[in-house]
Amino acid sequence: MKIRPPKLILFIGFFSLFIAILLLYVLLTNYQIDDNGELISVISMFLFFFLVGSYLLLHYYNYQISITPTLLTITTDFKRQKEVYFDQIEKVGYNNSLKIFIIYHPGKKVRINSMYPYFLNQIEESKYSEKLKIALRKGNSL
C-alpha cells in the first residue's frame, strides 16, 4: 500500500506559484512601487509564495509512504528514503506541539506528519506511547 499527499497540496502549491508570478510581474514592470518599503514588501511576498509553492509541489510529487507486510518505507520531499522494519519498532510516539508521529527504532527516530495516520494500522497497539494513545482518543491527530 502506498500513501501519497492529498491533491489539495498540489492545488495550493500551484496557487502559491501563481501568486508569485503575479508578484514577479509587479516587480518587473515597477507597477506603482514608490518607495523602498513597498519594494522590500513585494520582494519578500514573492519569495514567500515562491518558496511555499515550490516546497508544496516537491512534497506532493516526491513524498510517499510505502507499506509492505514487514517494512515501512518513507520517501522524503528530497527523495531520501528511510526504512523501518515493523519488528524493530520499539515505540511510536506523538508530539502534540508539532503534530507529528515519531517512530523509535534502534538508534533512530523517524518523523511522520499526522496528516498520514494510516500506517498506524500496521503497528501493534502495545507499541503506542501514552501521548499517542491520548491523542488518538481525543482525535487530535486524525
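Residues numbered from 1 in each chain as written. Predicted model: local features only at pLDDT ≥ 70, side-chain atom pairs only at ≥ 80, totals over all residues. Heavy atoms only, no water.

**Thoughts on the sheet that holds strand β5 (residues 91-95)**
Here is step 1: Strand order in the open sheet formed by three strands is β5-β6-β7, and the pairing between neighbours is antiparallel. Edge positions in the sheet fall to β5 and β7 (108-113), since each of these pairs with one other strand and no more. Going across the sheet, the axis of each strand differs from the next one's by a mean of 25°, ignoring polarity.
Here is step 2: In terms of strand pairing, strand β6 (residues 100-105) meets β7 through six bridges, oriented antiparallel. By the bridge assignment for β7, Y104 is matched with K109.
Here is step 3: Each of β5 and β6 touches helix α3 (residues 130-138); the most contacted strand, β5, lies at about 60° to it. (Pairing = 2+ DSSP bridges. Helix = DSSP H or I, 4+ residues; strand = E, 2+ residues; numbered from the N terminus. Axes fitted to C-alpha atoms, helices over the stretch in contact; angles between N-to-C directions. Contact = heavy atoms within 4.5 Å.)

**As for the sheet that holds strand β1 (residues 2-3)**
For sheets, the rule is that strands pair by backbone hydrogen bonds, running either parallel or antiparallel.
Here is step 1: Overall, antiparallel pairing links the four strands, which are arranged β1-β2-β3-β4 in an open sheet. Two strands lie at the open edges of the sheet, namely β1 and β4 (81-85), each paired on one side alone.
Here is step 2: In this sheet, strand β3 (residues 71-75) lies alongside strand β2 (residues 64-67) in antiparallel orientation, the contact comprising four bridges. Across the sheet, S66 pairs through a bridge with T73, a residue of β3.

**Comments concerning a nonpolar patch on the surface**
Here is step 1: The grouping of L39, I43, L47, F50 and L51 at the surface amounts to a nonpolar patch, some 420 Å² of accessible area in total.
Here is step 2: Along the chain, I43 falls in helix α2 (residues 36-62). (Patch = residues over 30% accessible without salt bridge, like charges linked within 9 Å, V, L, I, M, F, W, Y side chains within 5 Å. Areas by Shrake-Rupley, 256 points an atom, 1.4 Å probe, with all protein chains shown as cover. Salt bridge = Lys/Arg side-chain N within 4 Å of Asp/Glu carboxyl O.)

**Some details on the packing of helix α1 (residues 7-29) against α2**
Here is step 1: Packing of α1 against α2 brings their axes to within 7 Å, and their N-to-C directions diverge by 150°. By the angle between their directions, the pair α1 and α2 is classed as roughly antiparallel. Our pair here, α1 against α2, has a crossing hand that is left-handed.
Here is step 2: Its residues assigned to classes, the contact of α1 with α2 comprises 23 nonpolar, five polar and one charged. (Parallel < 35°, antiparallel > 145°, perpendicular 65-115°, else oblique. Left-handed = near helix turned anticlockwise from the far one by under 90°. Nonpolar A, V, L, I, M, F, W, Y, C, P; charged D, E, K, R; others polar.)

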